[in-house]
Amino acid sequence: MPAVTVEDVLSLPKVIVPDPVAVQSRPVVSVTTAPTGFEGEGFPVRRAFAGVDRRLLDPFIHMDQMGEVEYAPGDAKGTPWHPHRGFETVTYMIDGVFQHQDSIGGGGLITNGGTQWMTAGGGILHIEAPPEDLVASGGLFHGIQLWVNLPKADKMIAPRYQDIGSTSVVLLSSPDGGVLYRLIAGDIGGHVGPGSTHSPMALVHATLSPGARAEVPWPTGYNALVYVLGGRGAVGGEGRPVQTGQLAVFGDGDSVVVTADVDQDSRTPSLDVLFLGGRPIREPVYAYGPFVMNTKEEVAQAFEDYQAGRLGSVPAEHIGS
């Protein structure tokens, strides 16, 4: 699980551990296990938010952990062209390569540690697929896709595409060097990630060495979630056990605590987690298929607009042609 790594973690700027006297560690509200399924043309996913009250996830709607899977030659799969409206998709590649193209001209390869941030807004068509050489050769594929809601006032804004390359990610460490943080979006302890968001939020991929402890200052107006990409550890000051494919939801407080078990297995020698959270929008949500709106009528209109070709068109030269 390489994503972005560095030889000397201690040379990086530090995420300062909050003063335990002045701050309150957030308690754990729940730990759930993501069920497995298939997406698009059949690539395996874990449904990270399944079974969690949407009010605890706000402003997030959906998250899939894609893979981790080792494809044989000819087996790699993606998604066909499809529409979106009313939210943002965030695709973060940890291992492997994914190719993106959309109806507003955005696109390119998303590779190890890179992120594609697509604001669907009023409507967009896009496709995500492995490039031909990966299909031919096979290889490792692992990433996440997160859906971030847009407030009602922004649901029909013009679509936008951000290519956040791996070299743009802000790299940070814990004071003792036991944790490597990759800050993709948001403000953590005065450090700001490159992602530009409509709904205020933070997204961090952290790798904890065996026995390491991560304590991250977290904005008090945000919710707080930790998803385990791989490995074993504990969350919260109470040390609740977590492992691969589990999501921890936290209550109110000033910081989020994660600790890696001393003993990890050979496949996942470190604990890899996503820290994510945002300012709740607290508006009605009606999500169906590829659309996230406020009402059933707005979703019905989105389907009608898509069928009428008002959400864009597939470029003449496109992936999958």
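Above: the structure in question.
Everything in this summary refers to the structure shown in the same document. Since the model is a prediction, treat every value here as computed from it, not as a measurement.

### A closer look at unusual backbone geometry
The amide bond that connects Asp58 to the next residue, Pro59, takes the cis arrangement and shows omega of 20°. In this fold, Pro59 is placed in the loop between helix H1 (54-57) and strand E4 (60-71). In the Ramachandran plot, Arg282 falls in the positive-phi region, its phi being about 55° despite a non-glycine side chain. Along the chain, Arg282 falls in the loop between strand E24 (271-278) and strand E25 (286-288).

### A short note on the sheet that holds strand E21 (residues 240-243)
The four strands lie next to each other as E18-E23-E20-E21, forming an open sheet whose pairing is antiparallel. Only two strands of the sheet have a single neighbouring strand rather than two, namely strand E18 (213-217) and E21. Neighbour-to-neighbour, the strand axes of this sheet turn through a mean angle of 25°, independent of strand direction. Pairing between strand E20 (residues 232-235) and E21: four bridges, direction antiparallel. Bridge assignment links Ala234 to a residue of E21, and that residue is Pro241.

### Topic: the nonpolar core
Nonpolar side chains in soluble globular proteins tend to be buried together. Counting 30 residues, the largest nonpolar core has Tyr181, Leu208, Trp218, Val273 and Phe275 as the members making the most contacts within it. Breaking this core down by element, the ones donating at least two residues are strand E1 (28-33), strand E14 (179-185), strand E17 (201-208), E18, strand E19 (224-230), strand E22 (246-250), strand E23 (255-260) and E24. Considering each element in turn, this core owes the most residues, four residues, to E17. Filtering out sequence-adjacent residues up to four positions away, Phe275 remains in contact with Tyr181, Ala202, Leu203, Val204, Ala206, Ala214, Val216, Trp218, Leu225, Val226, Val256 and Val258.

### A few points about the pairing of strand E3 (residues 43-47)
The sheet contact formed by strand E2 (residues 36-39) and E3 spans four bridges and is antiparallel. Bridged to Thr36 within E3 is Arg46.

### Quick notes on the pattern of salt bridges
Opposite charge on two side chains allows them to pair when their charged atoms are near. Tallied over the full model, the rule gives 10 salt bridges. A salt bridge links Glu298 to Lys152, with the nearest nitrogen and oxygen atoms 3.1 Å apart. Highlighted residues: Glu298 in helix H3 (residues 296-307) and Lys152 in the loop between strand E11 (139-149) and strand E12 (160-164), separated in sequence by 146 residues. Linking Asp305 and Arg310 is a salt bridge whose minimum nitrogen-to-oxygen distance equals 2.8 Å.

The rules behind the values
Residues numbered from 1 in each chain as written. Predicted model: local features only at pLDDT ≥ 70, side-chain atom pairs only at ≥ 80, totals over all residues. Heavy atoms only, no water. Helix = DSSP H or I, 4+ residues; strand = E, 2+ residues; numbered from the N terminus. Pairing = 2+ DSSP bridges. Axes fitted to C-alpha atoms, helices over the stretch in contact; angles between N-to-C directions. Core = buried A, V, L, I, M, F, W, Y, C linked by side-chain atoms within 4.5 Å. Buried < 20%, exposed > 50% of the residue type's maximum accessible area, 1.4 Å probe, protein only. Contact = heavy atoms within 4.5 Å. Salt bridge = Lys/Arg side-chain N within 4 Å of Asp/Glu carboxyl O.

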